[in-house]
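So you can see what is in the structure, the chains are spelled out below.
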Amino acid sequence: MIEKKLIEIQQMANGSALKREFEQVNVKGVTTDSRQVQKGNLFIPIIGEKFDGHAFVEQAFEKGAAGSLWSKSVPNPPKDKPIIYVEDTLTALQHIASKYLIEVNPKVIGITGSNGKTTTKDMVASVVGTTYRTHKTIGNYNNHIGLPLTVLSMPENTEVAVLEMGMNARGEIELLSSIARPDIAIITNIGDAHLQELGSREGIAEAKLEILKGLKQGGTLIYHGDEPLLRKDYPFRNRTFGEGSENDLYPLSVKLTREGTEFTSNIADLTFFIPVLGRHNVLNALAAIAAGQLLNVELENIQKGLRQLKAANMRLELMQTKTGATVINDAYNANPTAMKAAIDLVHDLSGYRKKILVFGGMLELGERETEMHQEVGLMLKNKEIDHLFTYGKLGEEIAKGAKKVMDEDKIHVFFDKQKLIHELKRLSGKEDLILVKASRGIKLEEVVNALLGE
């Protein structure tokens, strides 16, 4: 993590007015949460919609903070404390991160996309981590605050930084890319997430392509080549991955097992294994392979890195219940593209007594919200699904679509989570497969926890 004297921090933050007696105070690490302050940290008070971190600066010092930033527009700063004054604390955080990244000078891999960002980030980090000292985004620290904090937690000897870039609106990816200045940019796909804010898939594509704003000269874009909205003539190097043979990387065979997914590709006479499920994750793996090749990682190490992947929680997470059922916890997020991938996955998996889907609503879809939920139900046509459970009003719309292509006695609509859990437990048992998926705000992980007896 960053280790500097406060006078150096002041310079990096474009700050001023640090008292001379504090200039040589050492700082180790940065936090924006006063509850997580460790001795020697720099505390950065962020002003949010419902809070102002400046109210917790005194508390941060009591917990051992070595210094703090302070926005000039905020009155009543603490007296006789190591305070650095800045125009805006959030902008200062981003300046410090950007300059620290330049100092450490790792190769930077920036990753964005509608689906699969976190899984791809984990795959890339696992692949390049076989060869280089690698630092990656932890959890969902992928926004205008999280990405700088990820950078500032990076060890000084880092050789490759793998940074996930999330967004809710236009301009956000451009900001993150301008901080990170990636050597390699990856766009996993263009889906339907954030339609409410961006209006169309074309708008989503434009927002994701903002990652190119910070791409270093001589950098490379890796992107999903099957996506027409990304197929362009770019004025820099690029590599494509996808299902089609016109891509630079594409799968030749895919085999789903209960432990994960095996696949072969056009790039080598090797079988790769990833301990996560789904054909869509093969495409994420191909993006990781492409990144590894650009950094001259040996194919055997790429193979090893993918096999050693540690998947993030609630993203196609495989679990076993005490009754012998297999649960796939995919309750972290959802949009139509991801729902289709989940349906296809359960359809393709074999060897189970019954296959059960538990679907909740997809949030932030905008004006076509009702129609898009019904379309998810229609995706169940001719799929090997024994039961569909839905939760909530948006889940009910999925059920309405499903009733046009499935027997109604296989469809179970609930507005009470406990009743859903009770009926799901009654209907499921040994050798059954249950996949649970919804947007994060629906909290369907509560269903998973109940099935596991937690």
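> How do you make sense of the sheet that holds strand S11 (residues 220-224) when you look at a structure like this?
Here six strands make up an open sheet; going across it, the order is S8-S9-S7-S10-S11-S12 and the pairing parallel. Only two strands of the sheet have a single partner each, and these edge strands are strand S8 (134-136) and strand S12 (237-241). Across the sheet, the mean angle separating the axes of adjacent strands is 15 degrees when strand polarity is ignored. Direction of pairing for strand S10 (residues 184-187) relative to S11: parallel, over a ladder of four bridges. Within S11, the residue paired with Ala185 across the bridge is Leu221.

> Is there a simple way to explain the pairing of strand S20 (residues 411-414) in this structure?
Remember that side chains alternate between the two faces of the sheet whenever the strand is regular. Bridge count for strand S19 (residues 387-391) against S20 is four bridges, and the pairing is parallel. Of the residues in S20, the one forming a bridge with Phe389 is His412. Between S19 and its parallel partner S20, the chain crosses via helix H13 (residues 392-402), and the hand of that crossover is right-handed.

> Help me understand the packing of helix H4 (residues 117-128) against helix H9 (residues 279-294), please; the structure alone is not making it clear to me.
The packing of two helices is summarised by the inter-axis angle and the distance between the axes. Put simply, H4 and H9 touch, their axes get as near as 9 Å, and they point 40 degrees apart. With respect to their mutual orientation, H4 and H9 come out oblique. The handedness of the crossing between H4 and H9 comes out as right-handed. Taking contact as the criterion, the partners of Thr119, Thr120, Met123, Val124, Val127 and Val128 in H4 are, on H9, Asn281, Asn284, Ala285, Ala287, Ala288, Ala291 and Gly292. Here the contact of H4 with H9 is composed, by residue class, of eight nonpolar, five polar and no charged.

> Please clarify how the packing of aromatic side chains should be interpreted in this entry.
Here a ring pair, both rings aromatic, is described through the centre-centre distance and the interplanar angle of the planes. All told, the structure shown has four aromatic pairs when counted by the stated rule. Between Tyr234 and Phe236 the ring centres are 5.6 Å apart and the planes differ by 20 degrees, which places this aromatic pair in the stacked class. Given a relative accessible area of 13%, Tyr234 falls into the buried group. On the basis of relative accessibility, which here comes to 23%, the residue Phe236 falls in the partly exposed class. Linked through ring pairs, Tyr223, Tyr234 and Phe236 together constitute an aromatic cluster.

Conventions we followed
Residues numbered from 1 in each chain as written. Predicted model: local features only at pLDDT ≥ 70, side-chain atom pairs only at ≥ 80, totals over all residues. Heavy atoms only, no water. Pairing = 2+ DSSP bridges. Helix = DSSP H or I, 4+ residues; strand = E, 2+ residues; numbered from the N terminus. Axes fitted to C-alpha atoms, helices over the stretch in contact; angles between N-to-C directions. Right-handed = clockwise from strand over helix to strand, strands pointing away. Parallel < 35°, antiparallel > 145°, perpendicular 65-115°, else oblique. Left-handed = near helix turned anticlockwise from the far one by under 90°. Contact = heavy atoms within 4.5 Å. Nonpolar A, V, L, I, M, F, W, Y, C, P; charged D, E, K, R; others polar. Phe/Tyr/Trp six-rings, centres within 6.5 Å; stacked < 30°, edge-to-face > 60°. Buried < 20%, exposed > 50% of the residue type's maximum accessible area, 1.4 Å probe, protein only.

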